[in-house]
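Notes for the structure review
Given next are the chains, with one letter for each unit.
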Amino acid sequence: MTDTSPAQKRLQPGISSGGFDLGRLLLEGRAFFALIAIIIVFSLLSPFYFTMSNFLIMSSHVAIFGLLAIGMLVVILTGGIDLSVGSTLGLAGCVAGFLMQGVELKMFGAVLYPSVWVVVVMTLALGALVGAVNGVLIAYFKVPAFVATLGLLYVARGIALLMTNGLTYNNLGGRPELGNTGFDWLGFNRLFGIPIGVLVLAVVALICSLLLTRTAFGRWVYSTGGNARAAELSGVPVKRVQVTVYVLSGMCAAIAGLVLSSQLTSAGPTAGTTYELTAIAAVVIGGAALTGGRGNVRGTLLGAFVIGFLSDGLVIIGVSAYWQTVFTGAVIVLAVLLNSIQYSGRSKRALAGNGNSNGKPAAPQQGAKA
Amino acid sequence: MSQSPISTGTIGEVVLSARDVSKSWGNVHALKRVNFDVHRGQVTTLFGENGAGKSTLMKVLSGVFRPTSGEIVLEGQTVSFQSASDARALGISIIHQELSLAPNLSVRDNIFMGREIQTITGVDYAEEERQTRLLMADLEEDIDPLTLVEDLRLGQQQIVEIARALSINSRILIMDEPTSALSATEVEVLFKVIHDLKSRGVSIVYISHHLEEALQITDHAVVLRDGTVTARGKRSEISLEWIVRNMVGDNYDLGSPPTGHEIGEVALFVDHLSVPDALNAERAAIDRVSLSVRAGEIVCIYGLMGAGRTEFLECIAGRISALGGKIFLRGQDVTGLTIGQRIQRGLVLVPEDRQRDGLVQTMTVGQNLSLASIGAFTRGLFTSRSREQGLIGKAIVDVRIKTDGGQAAIGSLSGGNQQKVVIGKMLTTNPSVVLLDEPSRGIDVGAKSEVFRLLSEGAQRGLAVVYTTSEVNECLAIAHRIIVFHRGRISAEFTSDVTKEQIMAASGEAVAA
């Protein structure tokens, strides 16, 4: 009875595993197959869908959600949730816009025009700050993640509205005589024919993937989400990990805010509203468990592409916006359904391998955290 | 218990039986054509190692699982349960090995969960509370019905679980490891309750790893090994040796204190340590306790539940911060350090509840083993896969974990092997002091003796070992020194030539036990 069966092994999600099995491929690769199916269906329905230019346009839309989703993934892996990313995105865009307009220094009677890299650094710092507030509230003051980040969702949105008085910053292009041009580079330019936003997503995804699979921090993230008590007793600095993941998530949101406002060359205070939900959906479609400990960057990226390619495809074939919402919702529900099949199958098999039913995961603190 | 008999019929006749019951999941055969009888008004004990299929059989009998083949006969009639509530409706209830209480609800609400006493105006909480108080009085446990279950210690939670099963007035009561978290006094009370139940005609199925304890109350014994019944007999026909022989096929020996190695310098010195109570931070669970342990020495801490053993170890390891006092590791003050810093300096804890505090269920066996030593296979920024594999492979061999390899899911291992993973994880950090809180809880005799052998071997290499236990036998196994805790203080200290009676007297238990 102490033997393990291959069935349990192959359902252990994670970083690497060998062997070939069709059932596992279909279940674990469901986001990939969904993406292929979406591309095939829309290519048949519209002659414009399967073109290079369309793919590039759709990908730059995906970049925004993808950046948010990767930050969200890191948080969800620890068993948390970050509802504030949409607002952080909006706030980051507004702060970038504000800085690009020039900062008036009354004392000196002058207007300071920071160069673009200063704007980028300050915006990232802002995202990190929002994340740090989330993280400290959650890790040290034991505020449930849902509530803390919900609070920040409102606060960040409110600050963005206050800053702009509800209006939108336009003209983010900068002026050559002020030395602050180049902001639109992120959103408009291409490198080797690929939009910069997509490249930014690729770089962030690569860094996060390395972070999660190849560093001690990554292992800390997975163990904190899997069983925070056990992780703590194994010497994992659980509280620091929790703060760090929210900081990372906030920075990802700030990057997404920069890319979006650059794409639009304008920054509005309501940008990114409800994007946090899209990001969560992408993470879930990508196979991560909301209870923490399971999921990876590859899946999340696929999830973001599924959502992006689906909604853009529906626009292209002219389906009404109302129906788009219905379709997106159905895809999310289906994904969660498959997730629960995957993970409940796993624990049942573990149970079978062990007459003492130790397959039951016992992590009582997770329920309280969510 | 003052209720009238709830079951009529001849004492000793078969009331419930499993006929040729098999249960498999795919290729895993947990039970193979098992025949098992439950006798009216008597205790039938099911013996077997972890993974022998005991819990599976009990879950089949109580309707949690449906058998793959075979049938269940209740009072001469073939029955087929669709769910546990079907079985409960026919008077069969089960106390699970893993607690199935809602921690966020009160004791009262847990006991009446799903069968609340309804009146026109809603739930009759006063009546529920009154009945809960009566149950607690029967069990001689001072638990307020309105306490939240999450605020209770593990042993008290087990009492609540037992109380819930008693409150249903079952005619067949299945107890799967009911005593694993109970102190000797509480076990006595439980046995008294079992005698009362028997006299009311209730049939009891009992599972326990405490073989001697189970022998005290059993009328019939059935031994299960690898999903098949290997032996059965009446109390008069069986003995401890008979059970163990049929369970494992070799001798039951937990070892003896290792000798022939040098006892070194003081590795751990605890100076007047006070630890706050988990429920009431004002109160001290541990009151100014001092202890020193030398390298190569094995110290056993014995005590009743609530004596403060867990708090003591958790405070030394850094999970709980001390109210007062200092902790020195090889002369170095570690009192203010984090858990991680203490692990780096060589002080580790193997926690009591391996599911809750020991294992990360979402990770593989290998990732669990390497979790506390990530630094050892990190070079610069990145972890080295090959170094990690080396570390995991060595741990699996050293601790003798039966697994397909590091990639296997942690849930696929038996309880004993899971415990070895938790111990292996901590030994992989190359500690100089290892604290183990109830390392033998819920694992079979074979795994127990392996765990104790590991500790002996560690001590011979110069490791300072401190372990706690609730079984007097295990105190006398490998410990050089036995410390008895009573109400947060050390009440006695013995060398390995002490008798069981002396230990139990010092812990505040009845000598008669």
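Right above here is the structure, for reference.
From a predicted model like this one, the values you see are computed outputs, not experimental measurements.

Within chain A one finds 16 helices and 4 strands. Across the 370 residues in chain A, those meeting the buried criterion constitute 55%. Here the contacts in chain A between residues at least 6 apart in sequence split such that 76% fall between residues at least 24 apart. Approximately 15,900 Å² of chain A is accessible, and the part contributed by carbon and sulfur atoms is 72%.

A count of helical and extended segments in chain B gives 17 helices and 24 strands. On C-alpha atoms alone, chain B measures out to a radius of gyration of 24 Å, which is about the 24 Å that the 2.2 N^0.38 rule sets for 513 residues. In terms of overall dimensions, chain B has C-alpha extents of about 70 × 50 × 50 Å along its principal axes. The proportion of buried residues among the 513 residues of chain B is 59%. Accessible surface for chain B amounts to roughly 20,000 Å². Of this, 47% is attributable to carbon and sulfur atoms. Distance between charge centres in chain B, computed from 51 positive and 62 negative side chains, equals 5 Å.

Residue and element names in this part refer to chain B. Pairing is antiparallel in the open sheet, where 4 strands are placed in the order β14-β13-β16-β17. Every other strand in the sheet has two partners, leaving β14 (284-294) and β17 (332-333) as the edge strands with one partner each. The sheet contact formed by strand β13 (residues 266-276) and β14 spans 7 bridges and is antiparallel. Directly across from Pro 276, in β14, lies its bridge partner Ala 284. The strands touched by helix α9 (residues 309-317) are β13, β14 and β16 (324-329); relative to β13, the strand with the most contacts, the crossing angle is about 115°.

What follows deals with the pairing of strand β21 (residues 433-436) of chain B. All names here are of chain B. By the alternation rule, side chains of β21 split into Val 433 and Leu 435 and Val 434 and Leu 436, which are all buried. Of the pairings in the sheet, the one linking strand β18 (residues 347-350) to β21 comprises 4 bridges and is parallel in character. Looking at β21, one finds that Val 350 is bridged to Leu 436. When β21 meets strand β22 (residues 464-469), the two strands line up parallel, connected through 4 bridges. Bridging across to β22, Val 434 finds its partner in Val 465. Considered for its hand, the β-α-β crossover made up of β21, helix α15 (residues 445-460) and β22 is right-handed.

A few words on the side chain of Thr 78 of chain A. Mapped onto the secondary structure, Thr 78 of chain A falls in the loop between α4 (52-77) and α5 (85-101). In this structure the side chain of Thr 78 of chain A is engaged in a polar contact, spanning 2.6 Å, whose partner is the backbone oxygen of Val 75 of chain A.

Let us now look at the nonpolar core. In globular proteins that are soluble, nonpolar side chains generally tend to be buried together. Of all hydrophobic cores here, the largest spans 94 residues; its most connected members are Tyr 49, Phe 183, Leu 212, Val 245 and Phe 309 of chain A. Looking at which element gives the most residues to this core, the answer is α4 of chain A, with 15 residues. The residues contacting Tyr 49 of chain A, other than those within four sequence positions of it, are Ile 38, Ile 39, Phe 42, Ser 43, Asn 54, Phe 55, Met 58, Phe 309, Gly 313 and Ile 316 of chain A. Of all hydrophobic cores here, the second largest spans 79 residues; its members include Ala 267, Ile 298, Ile 343 and Phe 485 of chain B.

Further remarks concern the sheet that holds strand β24 (residues 489-495) of chain B. Residues and elements named next belong to chain B. Taken in spatial order, the 6 strands make up an open sheet running β18-β21-β22-β15-β23-β24, and their pairing is mixed. Each having just a single partner strand, β18 and β24 make up the two edges of the open sheet. Averaged over all neighbouring strand pairs, the angle between strand axes comes to 20°, with direction disregarded. Of the pairings in the sheet, the one linking strand β15 (residues 298-303) to strand β23 (residues 481-486) comprises 5 bridges and is parallel in character. Across the sheet, Tyr 302 pairs through a bridge with Val 484, a residue of β23. Strands β15, β18, β21, β22 and β23 of the sheet are contacted by α9, whose axis makes an angle of about 140° with β15. Lying over the sheet, α15 contacts β15, β21 and β22, oriented at roughly 135° with respect to β15.

What follows is about α4 of chain A. Residue and element names in this part refer to chain A. Of all the bends in α4, the greatest measures close to 30° and is centred on Ala 63. Most of α4 is tucked away: 22 of the 26 residues are buried. Trailing α4 by a residue or two, Gly 79 shows a phi angle of about 90°, which is positive.

Residue and element names in this part refer to chain A. Following the criterion strictly, the structure yields 12 aromatic pairs over all chains and no others. Seen from their ring centres, Trp 323 and Phe 327 are 6.2 Å apart, and the 45° between their planes marks the pair as tilted. A residue pair is termed a helical-turn pair when its members lie 3 or 4 positions apart in one helix, as Trp 323 and Phe 327 do in helix α15 (residues 321-352) at 4 residues. Taking the relative accessible area as the measure of exposure, Trp 323 reaches 53% and is therefore exposed.

Moving on: the pairing of β24 of chain B. All names here are of chain B. Looking at chain direction, β23 and β24 are connected through 6 bridges and run antiparallel. From the neighbouring strand, Ile 483 faces β24, where its bridge partner is Glu 493. Connecting β23 to the antiparallel partner β24 that follows it, the hairpin turn spans 2 residues, and Arg 487 within it adopts a positive phi of roughly 45°.

Thresholds, definitions, all that
- Residues numbered from 1 in each chain as written.
- Chains lettered and ligands numbered in written order.
- Predicted model: local features only at pLDDT ≥ 70, side-chain atom pairs only at ≥ 80, totals over all residues.
- Heavy atoms only, no water.
- Helix = DSSP H or I, 4+ residues; strand = E, 2+ residues; numbered from the N terminus.
- Buried < 20%, exposed > 50% of the residue type's maximum accessible area, 1.4 Å probe, protein only.
- Contact = heavy atoms within 4.5 Å.
- Areas by Shrake-Rupley, 256 points an atom, 1.4 Å probe, with all protein chains shown as cover.
- Rg over C-alpha atoms; globule rule 2.2 N^0.38 Å.
- Lys, Arg positive; Asp, Glu negative; His and termini not counted.
- Charge placed at Lys NZ, Arg CZ, Asp CG, Glu CD.
- Pairing = 2+ DSSP bridges.
- Axes fitted to C-alpha atoms, helices over the stretch in contact; angles between N-to-C directions.
- Right-handed = clockwise from strand over helix to strand, strands pointing away.
- Polar contact = N/O pair within 3.5 Å; in protein donor to acceptor, adjacent residues only side chain to side chain.
- Core = buried A, V, L, I, M, F, W, Y, C linked by side-chain atoms within 4.5 Å.
- Bend = angle between axes of the 7 residues up to and from the residue.
- Phe/Tyr/Trp six-rings, centres within 6.5 Å; stacked < 30°, edge-to-face > 60°.

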